[in-house]
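Okay, here's what each chain looks like letter by letter:
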Amino acid sequence: MADSFRDPLGGGSLIVAWQAKAKTVLIVGGGVVAAGRVFNALEADAHVTVVAPELCPELEYRASKGQITWHSREFQASDLETADMVLTAINDVEVSRSIVNMCKERRIPVNAADINDLCDFWFMSTHRDHSVQIAVSTNSKAPRLANRIRRQVASALPRGTGLAVEQIGRLRKRIREADPLPENSKRRMTWLTQLCDYWPIEQLAKLDSDNIDNLLDAYISNHDPKSVGLRLDAPSVTSSSSGMPSPVLTEARAPAAETAASGSGRGPKGRLALIGAGVGDPELLTVRAHRALKEADIVLADKLIPEAVLDIIECEIYTARKFPGAATEAQEDLYRRGLEELAKGKYVVRLKQGDPFVYGRGGEEVLYFRQFGYEPEVIPGLTSAITGPGLCGIPVTHRGVADQVLVLSGSNRNGDLPSVPQYLATRTLVILMSVKRLSSIVEVLGQHEYPSDLPVAIVERAGCADQRTVRGTISTIVGIVERVGHNPPGLIVAGHAVNVLSDAAIEDRYLDASTLGLYSAE
């Protein structure tokens, strides 16, 4: 019999949803990390006490609004007397250890920020949509990767998941009130299970009071929930050819087109901004882009927008769920969601990688929304074609080496390889969205007389913390990438400017020390 049961893997955490309502959470520290802990505790309806000599602006705001109790001093042992949970967020490791030891003596669960070996529990990367909460833990091994996993999980959820849960919760409460007998609990559970398993989540999200009344009547009459006809006035939902839910607007478009004031930047209700996210570092966003992201009601984001940029956004983020061969469906999905939110009077930000007008389909999006009366405010971003190489030490122009730059796309509309001109020694070639086709592109370059020893670089994730440059030549770069792998997104740079700031480039026949600006230590 023992062989029929699986063995525990070990090394994990016991995942629970701790009910903190009306419990006292003590937070020691007044900085940005403490502010994050405070917000999480308040979202769980806890009573929050903060002990710190000073507070960051966010915590000052919460104290002024009466959301937290603040003791303007250092921690004291007596602070633990009423605490149900303790969170430390201070830089002094020894003080944190002392607080942890006092908590363990009193059997109070405690977490010390950034000191994993002291923690009874860890904070996970979480997604919140109404009552739906999804948490991802890597058990302290890769916290940043947990954020990426969480975003991917959240982006895969059907639209309206949180609202669907709220509506089912309302119905469940009504059923329990109408049929409170304990012996009928199995019937209640079976009926609701059939309802939840049968109806698409997008449809459940549209339940209104009349529909809930009809479903309650069906339960009382012992009717199959699958037989209940629901009146759903919200836009219907179908499946696209990619297999993902794809909402279809049946009424929102025409009114927008008929009543909007063209050229004002504002439709009949909402307004729209088309923003370039740049190359990945939020500090490289324009001031206007940063302000717009903070003011937005919803951000419609490309799938590969770096997490560091997404992390500064405080509103809902809706990400295009792209699948191979389904880019058109993903684009249409974003169009539909944008029109829906604009019709509600929302400030919608369409966030695209790099610069929207450099191989970003930005012009297409302007024309699309314009036909419905919305004139987007265009806020450019730093294009990876120029900024990406620069961040990795490659100037795309350099006096005496490269006097022109040609930017191409390696992923043309019909899947064709880029049209490459004949080789010119003083030109830097930048090819975007191309690394997956590196072997074919190298072959094309050879056909156009690009020399086999021409320097080539693969610039990966420029502007992100894990940016990397892989260097080689026309003849060696494919083999190098096969050995070291590739971390997208990336681009190809070919030309003598690739090594212009490298010490090894002094030996190149095109360069000398005076051109490089490099001098010996002597």
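As the structure is a prediction and not an experimental result, all values here were calculated from the model.

Caption draft 1: Molecular detail of the overall build of the protein chain. Looking only at helices and strands, one finds 17 helices and 19 strands in the protein chain. A separation of at least 24 residues holds for 61% of the contacts in the protein chain among residues at least 6 apart in sequence. In the structure as shown, the protein chain presents an accessible area of about 28,000 Å², 51% of it carried by carbon and sulfur atoms.

Caption draft 2: Spotlight on the pairing of strand 6 (residues 125-129). Pairing of strand 6 with strand 7 (residues 132-136), which is carried by five bridges, proceeds in the antiparallel orientation. Bridged to D129 within strand 7 is V132. Between strand 6 and strand 7, which pair antiparallel in sequence order, lie two residues; one of them, H130, sits at a positive phi of approximately 55 degrees.

Caption draft 3: Focus on the pattern of salt bridges. Within this structure, the stated rule accounts for 24 salt bridges. E43 is the salt-bridge partner of R128, the closest N and O atoms lying 3.2 Å from each other. Of this pair, R128 sits in strand 6 while E43 sits in helix 1 (residues 32-43); the two residues are 85 residues apart in sequence, bridging distant segments of the chain. For the salt bridge of E341 with K346, the shortest nitrogen-to-oxygen distance reads 3.6 Å. Three or more residues joined by partner-sharing salt bridges are found here, namely E316, R337, E341, K344 and K346.

Caption draft 4: Quick peek at the sheet that holds strand 16 (residues 427-432). In spatial order, the strands read 15-16-19-17-18; together these five strands make up an open sheet with mixed pairing. Among the strands making up the open sheet, the edge pair consists of strand 15 (404-409) and strand 18 (468-473). Sheet twist, expressed as the average angle between the axes of neighbouring strands with direction ignored, equals 20 degrees. Note: strand 16 against strand 19 (residues 490-494), four bridges, orientation antiparallel. Across the sheet, residue V430 finds its bridge partner in strand 19, namely V493.

Caption draft 5: Expanded view of a nonpolar patch on the surface. A cluster of nonpolar residues, L14, V16 and W18, forms a patch on the protein surface that exposes about 360 Å² of accessible area. Tracing the chain through its elements places V16 in the segment before strand 1 (24-28). Judged by relative accessible area, which is 56%, V16 ranks as exposed.

Caption draft 6: Spotlight on unusual backbone geometry. Residue P489 is bonded to the preceding P488 through a cis peptide linkage, with omega at 0 degrees. With respect to the secondary-structure elements, P489 resides in the loop between helix 16 (477-484) and strand 19. Despite not being glycine, R107 shows a phi value in the positive range, around 60 degrees. Among the structural elements, R107 can be located in the loop between helix 3 (93-105) and strand 5 (110-112). Taking relative accessible area as the criterion, R107 reaches 78% and is therefore assigned exposed. Even without glycine at this site, H130 takes up a positive phi of about 55 degrees.

Caption draft 7: Molecular detail of the packing of helix 6 (residues 185-198) against helix 8 (residues 209-220). At a minimum axis distance of 11 Å, the contact between helix 6 and helix 8 shows a crossing angle of 135 degrees. The angle between helix 6 and helix 8 falls in the class oblique. Where helix 6 crosses over helix 8, the two elements pack in a sense that is right-handed. Listed contacts from helix 8 to R187, R188, W191 and L195 of helix 6 are L215, A218, Y219 and I220. A per-class count over the contact of helix 6 with helix 8 returns six nonpolar, no polar and two charged.

Caption draft 8: Quick look at the confidence of the model for the protein chain. Confidence along the protein chain averages 84 in pLDDT terms, with 86% of residues attaining 70 or more. Overall, residues 234-268 carries pLDDT values under 50, and its contacts beyond four positions in sequence, including any with other chains, amount to 71 contacts. Low confidence marks residues 504-522, where pLDDT is under 50. Its contacts with residues over four positions away, or in another chain, come to 24 contacts.

Caption draft 9: Looking closely at the pairing of strand 2 (residues 47-51). With four of its five residues buried, strand 2 lies for the most part within the structure. Pairing geometry for strand 1 and strand 2, over five bridges, is parallel. Of the residues in strand 2, the one forming a bridge with L26 is T49. As a crossover connection, the stretch from strand 1 through helix 1 into strand 2 is right-handed. Taken together, the three bridges between strand 2 and strand 3 (residues 69-71) define a ladder with parallel strand orientation. By the bridge assignment, T49 is partnered in strand 3 with T69. Read from strand 2 through helix 2 (residues 57-64) to strand 3, the crossover connection turns out right-handed.

Caption draft 10: Representation of the layout of surface pockets. Size it by volume and the second largest pocket reaches roughly 170 Å³. Lining the second largest pocket are 14 residues, and of these V28, P53, E74, F75 and I90 sit closest to its centre. Here the residues of the lining of the second largest pocket sort into eight nonpolar, two polar and four charged.

Caption draft 11: View of the packing of aromatic side chains. This model, assessed by the stated rule, comprises eight aromatic pairs. Measuring from ring centre to ring centre gives 5.4 Å for Y198 and W199, while their planes differ by 85 degrees; the resulting arrangement is edge-to-face. Relative accessible area serves as the criterion here: at 44%, Y198 is assigned to the partly exposed category. Here the basic side chain of R271 rests over the ring of Y347, its NZ or CZ set 3.7 Å away from the ring centre. Its end group placed over the ring of Y318, R337 keeps NZ or CZ at 4.8 Å from the ring centre.

What counts and how
Residues numbered from 1 in each chain as written. Predicted model: local features only at pLDDT ≥ 70, side-chain atom pairs only at ≥ 80, totals over all residues. Heavy atoms only, no water. Helix = DSSP H or I, 4+ residues; strand = E, 2+ residues; numbered from the N terminus. Contact = heavy atoms within 4.5 Å. Areas by Shrake-Rupley, 256 points an atom, 1.4 Å probe, with all protein chains shown as cover. Pairing = 2+ DSSP bridges. Salt bridge = Lys/Arg side-chain N within 4 Å of Asp/Glu carboxyl O. Axes fitted to C-alpha atoms, helices over the stretch in contact; angles between N-to-C directions. Patch = residues over 30% accessible without salt bridge, like charges linked within 9 Å, V, L, I, M, F, W, Y side chains within 5 Å. Buried < 20%, exposed > 50% of the residue type's maximum accessible area, 1.4 Å probe, protein only. Parallel < 35°, antiparallel > 145°, perpendicular 65-115°, else oblique. Left-handed = near helix turned anticlockwise from the far one by under 90°. Nonpolar A, V, L, I, M, F, W, Y, C, P; charged D, E, K, R; others polar. pLDDT = per-residue confidence, 0-100. Right-handed = clockwise from strand over helix to strand, strands pointing away. 1 Å grid on protein atoms, 1.4 Å probe; cavity = no way out; pocket = protein on both sides within 12 Å on 5 of 7 lines; lining within 4 Å. Points joined across faces, edges and corners; volume = space filled by probe spheres on them. Phe/Tyr/Trp six-rings, centres within 6.5 Å; stacked < 30°, edge-to-face > 60°. Lys NZ or Arg CZ within 6 Å of the ring centre and 35° of its normal.

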